[in-house]
Amino acid sequence: MVIACWSGPRNISTAMLRSWGSRDDTYVTDEPLYAHYLLEHGLDHPGRDEIFSHHESDAEKVIAWLTGPVPDGKPLWYQKHMAHHLLPDVPRGWLDEVRHAFLIREPREMLASLARVLPNPQIEDTGLPQQLEILEREKDRSGRTPPIVDARDVLEDPRRILGALCDALGVPFQERMLSWPAGRRETDGVWAKHWYDSVERSTGFSPYRQKAVEVPEALHPVLDDATRCYHELHAQRLRP
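Given the structure is predicted, the values throughout are model-derived calculations rather than measurements.

Would you mind showing me how to read the overall build of the protein chain here?
Summing up its helical and strand segments, the protein chain has 11 helices and five strands in all. The C-alpha atoms of the protein chain give a radius of gyration of 17 Å, which matches the 18 Å a tight globule of 240 residues would have. For the protein chain, the spread of C-alpha atoms along the three principal axes comes to 50 × 40 × 40 Å. Buried residues in the protein chain amount to 53% of all 240 residues. For the protein chain, long-range pairs separated by at least 24 residues make up 78% of all intrachain contacts whose partners lie at least 6 apart in sequence. With the model as given, the accessible surface of the protein chain reaches about 11400 Å², and the carbon-plus-sulfur share is 47%. Across the protein chain, the 29 positively charged side chains and the 38 negatively charged ones have centroids separated by 6 Å.

Printed below as a string of structure tokens:
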């Protein structure tokens, strides 16, 4: 089974990657469409040249790999995707061949954090419109709502929410998903040294702590759009 988990930026997506990577039956992949995203946008992200040296930037080749045999002969393949990496030029047909899950985060906290690393973010940079696109496509195709989990719910009760996610995906929950050794992984993207410092020090999910955040006034229209998208997703999430 291939599980494509779609997250927005500034979320707990890498901690979730660690969680699934701790299972004994799961191969994990870290942001496989990132190199294509960088190439198409011409963005000068940290480690750009190294990313192109180590990761495939041709979206069709990436998709062929993502829908091929599961590496290492594992029965499960957990793919950590950033929803904003699903650019308009990326083919969509492959989405019908995998199972989907969604990781969301309250947009005020997310956008305040995103604005510190990305000047003038737009609604597409939040990944929320893309999450809704994938969600509606899958609901139309299958007649079912794929599982949606909120980061706050995960941090407040990891065992219950991860258990519910596993149930929704039809896989057994493993207790080892709740903890992991500190350090980097071979399955991390080469960008890990630029972005994953806190995750590399972690050994499990950190307790949720509400933050006092302020979104710049110039981003209030983006926040309004993001909030509408978030509420639509949040209303369909797996409940604690």
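Following the structure, the description resumes.
Sorry, what's going on with the packing of helix 6 (residues 128-142) against helix 11 (residues 220-234) here?
Angle between the axes and distance between the axes: these two values describe a pair of packed helices. Two numbers describe how helix 6 lies on helix 11: the axes approach to 9 Å, and their chain directions differ by 35°. As helix 6 packs across helix 11, the resulting crossing turns out to be left-handed. Counted together, Leu128, Pro129, Gln131, Leu132, Leu135 and Glu136 of helix 6 and Ala226, Cys229, Tyr230, Glu232 and Leu233 of helix 11 form the full contact between these two elements. For the contact of helix 6 with helix 11, the per-class residue count stands at eight nonpolar, one polar and two charged.

Help me understand the pattern of salt bridges in this model?
Side chains that carry opposite charge are capable of pairing whenever their charged atoms lie near each other. Throughout the structure, instances matching the rule amount to 17 salt bridges. A salt bridge links Glu31 to Lys80, with the shortest nitrogen-to-oxygen separation between them at 2.9 Å. A residue pair is termed long-range when its members are at least 10 positions apart, and Glu31 in the loop between strand 2 (26-30) and helix 2 (34-41) and Lys80 in strand 3 (residues 76-82) qualify at 49 residues. Overall, Glu31 belongs to the buried group, its relative accessible area being 11%. The partner of Glu109 in a salt bridge is Arg105, with the nearest N and O atoms 3.5 Å apart. According to the relative accessible area criterion, Glu109 is buried, its value standing at 8%. Members of the salt-bridge network, linked through shared partners, are Asp30, Glu31 and Lys80.

Help me understand the packing of aromatic side chains, please; the structure alone is not making it clear to me.
By convention here, two paired aromatic rings are described through the distance between centres and the angle between planes. Taken as a whole and assessed by the stated rule, the structure comprises five aromatic pairs. Here Trp6 and Trp94 contribute two aromatic rings whose centre-to-centre distance is 6.1 Å and whose plane-to-plane angle is 50°, an arrangement assigned as tilted. Separated by 88 residues along the polypeptide, Trp6 in strand 1 (residues 2-7) and Trp94 in the loop between strand 3 and strand 4 (99-104) bring together distant segments of the chain. Given the relative accessible area of 0%, Trp6 is considered buried. Relative to Tyr78, the ring of Trp20 has its centre 5.0 Å away and its plane inclined at 10°; by these criteria the two rings are stacked. With a gap of 58 residues between them, Trp20 in helix 1 (residues 13-21) and Tyr78 in strand 3 connect regions that are remote in the sequence.

Even after reading the chapter, I still don't get the environment of Pro71, so can you show me in this structure?
With respect to the helices, strands and loops of the structure, Pro71 is situated in the loop between helix 4 (59-66) and strand 3. Overall, the relative accessible area of 16% leaves Pro71 in the buried class. Spatially, the C-alpha atoms of Pro71 and Thr26 are 9.3 Å apart, while their sequence positions differ by 45 residues. Contacts of Pro71, omitting those with residues within four sequence positions, involve Tyr27, Trp65 and Trp77.

Would you mind showing me how to read helix 1 here?
What sets the pattern is the α-helix's 3.6 residues per turn: residues three or four places apart point alike. The buried count for helix 1 comes to eight of nine residues, which makes it a mostly enclosed element. Regarding helix 1, the residues found buried are Ser13, Thr14, Ala15, Met16, Leu17, Arg18, Ser19 and Trp20.

Whenever I open this one, the environment of Ala101 confuses me. Can you help?
Relative to the assigned elements, Ala101 resides in strand 4. Spatially, the C-alpha atoms of Ala101 and Tyr37 are 21 Å apart, while their sequence positions differ by 64 residues.

Cut-offs used in this document
- Residues numbered from 1 in each chain as written.
- Predicted model: local features only at pLDDT ≥ 70, side-chain atom pairs only at ≥ 80, totals over all residues.
- Heavy atoms only, no water.
- Helix = DSSP H or I, 4+ residues; strand = E, 2+ residues; numbered from the N terminus.
- Rg over C-alpha atoms; globule rule 2.2 N^0.38 Å.
- Buried < 20%, exposed > 50% of the residue type's maximum accessible area, 1.4 Å probe, protein only.
- Contact = heavy atoms within 4.5 Å.
- Areas by Shrake-Rupley, 256 points an atom, 1.4 Å probe, with all protein chains shown as cover.
- Lys, Arg positive; Asp, Glu negative; His and termini not counted.
- Charge placed at Lys NZ, Arg CZ, Asp CG, Glu CD.
- Axes fitted to C-alpha atoms, helices over the stretch in contact; angles between N-to-C directions.
- Left-handed = near helix turned anticlockwise from the far one by under 90°.
- Nonpolar A, V, L, I, M, F, W, Y, C, P; charged D, E, K, R; others polar.
- Salt bridge = Lys/Arg side-chain N within 4 Å of Asp/Glu carboxyl O.
- Phe/Tyr/Trp six-rings, centres within 6.5 Å; stacked < 30°, edge-to-face > 60°.

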